[in-house]
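# Tertiary structure, described
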Amino acid sequence: MEIIHSDVLVIGGGLAGLRAGLAAQKRGQQVIILSLVPPKRSHSAAAQGGMQASLANALKGAGDNEDVHFEDTVRGSDWGNDQEVARMFTHVAPKAVRELAAWGVPWNRVEAGERTVIIDGKPVTLTESADAHGLITARDFGGTRKWRTCYVADGTGHAMLYAVSDQTIAAGIPVHERREAVALIHDGERCHGAIVRNLIDGKLTAYVAKATCIATGGFGRLYQATTNAVINEGIGAAIALDTGVVPLANMEAIQFHPTAIFPAGILVTEGCRGDGGLLRDVDGHRFMPDYEPEKKELASRDVVSRRMEAHIKAGKGASNRFGQHLWLDITLLGAAHINHKLREVKEICQYFLGIDPAKQWIPVRPAQHYSMGGIRTDAHGAARGLKGLFACGEAACWDLHGFNRLGGNSVAETVVSGMIVGAAIADFCASPDGELTVSTALIRQCFERAQAEFGAITNHHGKESASLLLREMQATMTAQVGIVRHGEAMNAAVNTLQSLLLRSRDLGLSGRRGGADPELTLAWRLQKMLKLALCVSYGALQRTESRGAHFREDYPQRNDADWLKRTLASWPDAGQTLPTLAYEPLDIARMELPPGWRGYGTRDAIEHPLTAGRQAEVDATRAALAGSDRHAVQAALMPFRHLLPAHLRGDNARLGENA
Amino acid sequence: MRQIAKTALAPALPENAPAPTRHAHPDMARSSLTDARPGNSRWPARLDLLQSLSGLVLALFLVAHMFFVATILISHELFYNVARFFEAGWLFGEPQPVLVSMVASGVTGLLVAHAWLAMRKFPGGFRQYRAFSAHRSRLRHGDTSLWWLQVVTGFALFFLTTIHLYDMVSQPQLIGPYESADRVWTGGMWPIYLALLFAAEVHGGIGLYRLAVKWGWFVGDDANAGRRRLRHIRHAFSAFFITLGLVTLLAYIDLGRAHAELAGERYVPPGHVAVDHGKH
Amino acid sequence: MITLFRKPKPGAAPRRLTLHILRCNPADPASKPYLQAFELEEAEGMTLFIALNEIRATQDPSLQFDFVCRAGICGSCAMLVDGRPALACRTLTRDYGSDITLAPLPFFELIGDLSVNTGKWMRGTAERLQTWIAQSEAVDLDALEARMEPALAEAIYELDRCIECGCCIAGCGTAQMNENFVGAVGLNKIARFRLDPRDTRSDADFYELIGDDDGVFGCMSLLGCHDICPKELPLQTQIAFLRRKMAVEGLR
């Protein structure tokens, strides 16, 4: 048994993992990062449209600040998120953008003078101020009141990932590529690292560390129609679930992106609509204003996706031989704009659809895109249930996004949470709690258990095929736990998934190749993915309300009275076929922005009894502090800066504010 | 070495707990590199320039040479005058064929230098040859295949040109309508010249094209369009000079056959009486 | 793509495709490379991503290949398609004949079948060429960002679009003969950081990194890289530009 030691083990080489690793290393800890693929190939690269940060440089961003960003984020989450975390996030996002700028991300910049943009289908001339010339510009995104999304054409994630990855190389942090963490080393109280499988030769190694951080991204591959990369199988969350003591939160909160090309499911950025693109139906009619007169195409993603599905159901979908879809029309943006600002979109249309988006409409239909839920952590990224275990990025439920995340907030979350959680990890390692006290007996026990899992699959010679079960699971999830949900369908889905879980214990491999046989890898992952699918579907079935992206036909209202709480799914006994669910209430008394109407979508929420009282308190505080500095008002309502590491607490400069 | 460089260039982060020592970067980077090893030699740059430069000079010489020998198509007398011009009788009072020898020697030297510089890029050994060869046939890519043609014609040129240059160095005075035509036909050199013509014009055309692409000359704003244009020019160059060369060579062959009976007789332009050329 | 564009005739029966895949398992010392043929029915809009996954799901679950984004943006799936490097995920089978030969990218370490270790080589090259923003000043996270001309930012992004897929190396004649050659990917990165005002290195510093026959002077301008690059990076002009700058440096 080979053992590799480090202070910090980061599982996942995407933006969140890399940034957390860098932050920990810069505070003096020795870091090893594990990655399924070379880090620059991570799914972070697929974030196209941009990253939200309230810089307020562009004309249409004027007046933006952390407060507006915070409110947009909370409304977007349908009041399902953690407001302190949202404050921490919106406060650090401008710092993250600026740091990335210094690290080489070629953010698009404000060009002083007149320019023509498309707003609401019509050309509008904007005059950017000379003061802002050369500062980072922003585009419009859904669910935001200001143009806040900083971007690098439509390759924002790529540029960010490369800059951060290059910095980790500069810092000499080793990234062990083509490695998959298959189990956490733990004793039920403290996490000591992970058992890791080499995806080239199939060998297992024990990585022992003072702190372990899971940053493995989302689990879109539970679904058939997803924008996610093929590596997004949620294994990081699954090994946390396997411990039996770490809960996964809000797994039913799944985002569906309105514009995935149909049928391939490849994402075309929200920037298409942000820059003026329109959604059209079979008749070429622009239908979103009929449903959302205020935000139109730029309501939040959950709302737009739902309206699109409803419109298709109303018989207004266009169709091709693969099924029904709608059209995304960006022809009105002009070839020049598409060639410069939407290049990847153009390439994708060209290669996968054989069309020129400057001339033809793009067939789109909503597809699974993001998992708001994940490993439940506190504001510092420490996972609940195991000391020494941390999580950040999409794998975590830090709970920035609640039940719907805004476009541009997730790629921002990766770096922001990486900065915050990485610092917290380093502080943990340096504290007495961080002392490494693991026994080799425990390591061996965890190692042998992991080995036995693989052995059980290879030696079982059962009759089930992993790839068939996987397809069945994906089809079930897309059909029955999708955008529009219903108790009956979800009940059926839970039953199907349970039987698939049982069948997955009877797999047979053709066993043609030793080492890292892709067939064995798939079979092993399938069992983990089925558990996650059950957390999603069972959690969704139990949540008898609609909130954000979780929409139920049979319970169409948001129900704050009963459901202003987070679902916590755990799997204490490996023999279970359903997760154990528990709930964690959100504390209205501490909310800076008490629940209300989002400003788009249906206005029919069932109010929580404490909402009115808290709203009155908030109003009173605001009235008492009228005329005070906005930071002072905010601090009086909900202090959060103490939760941030010291170097991230300072006020952000803007043109005309602290500049 | 790498470790030192890395520390020197480590990203500056505010959360660094123990404030790292930061260095004024550029000097530090250089010194950290130079501490561990001497700086990169300047010779690769110079040799690369020399390879291009020698090729360019040879190609320009080739062009000029072609035009000079093609004057035979206008008249025997014109070619005679051109040949005499290079012996610089107009400068020294007496023609100096040794000047032609000297130029030919210079060209030989340049040729050898160019060949040596270019050979540094050739496959070194069978393994590399096989790797490149497999690559070329797999890729089916124009410019890659052209390079191979360049290597082949380069080899051919090295030997063919040497023969021709030896003639020019050893018998510089024997350049004239009859003299040259006799060498071509009676001397049996035409097959060599024919091969030389094709090899030189193809090699020169590709070489000039490569030179432009390599250094980014005449490419314009749109590199792809620029390269297409250069490709057309390359084709036109080779076609023009091969045609001109063929016609010229035919003229010499024709003249050589007509003059075969009198082979060895020197040409005397009309109006000149002296048999001993240059002494009048 | 130089290949002919073959649109299926409407109503015609779908084609039978034969994929000839170069198989090899370097972990098994007894394994010798061989071509294995797999037949499958072509579907509309079928990419090699779809075809290879179908083969793995229904015919041979041990077949090794790499896909991540399957959208042409991550650079994982470069392989030789009928001898030419391409991103398999966005290669449509309808652009090819009914027999398609697939082989792993040459030059890189083979992991198995169509999977090669480009990541390892890219990391090594990044360390060797120090391809990151080298700067001396700490970033003030609370202050306004440094200004940059909008056109310059776009020009940097143009070069920053490289996805490290390895196609340029596989298409490079020089790299086939000199395994130490940094290739277009390495040179393009130097050009990218050289252009970036946030990087404080000078041409003299860059000469130390690429001023030799393993660097810019090793390039023979065969332009396989430029013609094959899936992101259509301006490699031809960038390498020429660097060559001029480094030649000037060499004359100092």
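As annotated in an unreviewed UniProt entry, chain C carries the name Fumarate reductase iron-sulfur subunit and comes from Azonexus hydrophilus. What the UniProt record of chain C gives under Catalytic activity (unreviewed entry) is the line "a menaquinone + succinate = a menaquinol + fumarate". Per UniProt, the comment on chain C under Subunit (unreviewed entry) is "Part of an enzyme complex containing three subunits: a flavoprotein (frdA), an iron-sulfur protein (frdB), and diheme cytochrome b (frdC)."

The partner chain C presents 75 residues to the 87 residues of chain A that form the contact. A combined buried area of about 6,200 Å² lies between chain A and chain C, and 50% of that area is made up of carbon and sulfur atoms. Among the residues of chain A in contact with chain C, A:Arg41, A:Tyr351 and A:Arg513 are the three that bury the most area, contributing 13% of the side total. There are 12 salt bridges connecting chain A and chain C. Between A:Arg343 and C:Glu158 there is a salt bridge, and its shortest N-O distance comes to 2.6 Å. Viewed at the interface, chain C and chain A are joined by 40 residue pairs in polar contact (both at pLDDT 80 or more). Listing elements by their share of the side of chain A that touches chain C, those giving two or more residues are helix 3 (83-102), helix 4 (156-170), strand 7 (175-177), helix 9 (335-341), helix 10 (343-353), helix 13 (466-480) and helix 15 (518-542) of chain A. No other element matches the eight residues that helix 4 of chain A contributes to the side of chain A that touches chain C. Each residue belonging to the side of chain A that touches chain C can be placed in one class, and the counts come to 41 nonpolar, 21 polar and 25 charged.

What follows is about the sheet that holds strand 2 (residues 34-41) of chain C. Residue and element names in this part refer to chain C. As summarised here, the arrangement of the five strands in space is 2-1-5-3-4, forming an open sheet in which the pairing is mixed. Looking along the sheet, the strands with just one partner apiece sit at the ends: strand 2 and strand 4 (84-87). With direction set aside, neighbouring strand axes in the sheet form an average angle of 35°. One ladder, built from two bridges, connects strand 3 (residues 78-81) with strand 5 (residues 99-103); its direction is antiparallel. By the bridge assignment for strand 5, leucine 80 is matched with alanine 103.

Here we come to the pattern of salt bridges. Here the structure, examined in full by the defined rule, presents 92 salt bridges over all chains. Between C:Arg90 and A:Glu347 there is a salt bridge, with the nearest N and O atoms lying 3.2 Å from each other. Residue C:Arg90 is found in the loop between strand 4 and strand 5, and its partner A:Glu347 is found in helix 10; the two belong to separate chains. Each member of the pair C:Arg90 and A:Glu347 is classed as buried. For B:Asp48, the salt bridge identified is with C:Arg243, shortest N-O distance 2.5 Å.

So, on to the pairing of strand 2 (residues 31-35) of chain A. Residue and element names in this part refer to chain A. Most of strand 2 is tucked away, with five of its five residues classed as buried. By the alternation rule, side chains of strand 2 split into Val31, Ile33 and Ser35 and Ile32 and Leu34, which are all buried. Taken together, the four bridges between strand 1 (residues 3-11) and strand 2 define a ladder with parallel strand orientation. If you follow leucine 9 over to strand 2, its bridge partner there is isoleucine 32. For the crossover that starts at strand 1, traverses helix 1 (residues 15-26) and ends in the parallel strand 2, the hand is right-handed. The pairing of strand 2 with strand 7 spans three bridges and is parallel. By the bridge assignment, isoleucine 33 is partnered in strand 7 with valine 175.

Take the state of the cysteines next. Enumeration over the complete set of coordinates arrives at zero disulfides over all chains. Free cysteine: A:Cys535, not disulfide-bonded; nearest cysteine sulfur from A:Cys397 at 13 Å. Take A:Cys535: its relative accessible area is 1%, and that puts it in the buried class. In this model C:Cys162 remains outside any disulfide bridge; the closest cysteine sulfur is found in C:Cys168, 6.4 Å from its own.

Time to look at helix 8 (residues 301-316) of chain A. Here helix 8 of chain A contains 16 residues, and its C-alpha end-to-end distance of 20 Å is more than 12% below the 22 Å for a straight helix at 1.5 Å per residue. Within helix 8 of chain A the residues assigned to the buried category are A:Arg301, A:Asp302, A:Val303, A:Val304, A:Ser305, A:Arg306, A:Met308, A:Glu309, A:His311 and A:Ile312.

The next point concerns the environment of A:Leu126. Residues and elements named next belong to chain A. Within the fold, leucine 126 resides in strand 5 (residues 122-128). On the basis of relative accessibility, which here comes to 6%, the residue leucine 126 falls in the buried class. Leaving out residues up to four positions away in the same chain, leucine 126 has contacts with Leu59, Lys60, Gly113, Glu114, Arg115, Val117 and Trp147.

Parameters at a glance
Residues numbered from 1 in each chain as written. Chains lettered and ligands numbered in written order. Predicted model: local features only at pLDDT ≥ 70, side-chain atom pairs only at ≥ 80, totals over all residues. Heavy atoms only, no water. UniProt positions renumbered as here; feature names shortened; annotations may be inferred. Contact = heavy atoms within 4.5 Å. Buried area = accessible area lost by both parts, 1.4 Å probe. Salt bridge = Lys/Arg side-chain N within 4 Å of Asp/Glu carboxyl O. Polar contact = N/O pair within 3.5 Å; in protein donor to acceptor, adjacent residues only side chain to side chain. Helix = DSSP H or I, 4+ residues; strand = E, 2+ residues; numbered from the N terminus. Nonpolar A, V, L, I, M, F, W, Y, C, P; charged D, E, K, R; others polar. Pairing = 2+ DSSP bridges. Axes fitted to C-alpha atoms, helices over the stretch in contact; angles between N-to-C directions. Buried < 20%, exposed > 50% of the residue type's maximum accessible area, 1.4 Å probe, protein only. Right-handed = clockwise from strand over helix to strand, strands pointing away. Disulfide = S-S within 2.5 Å. Expected span 1.5 Å × (residues − 1).

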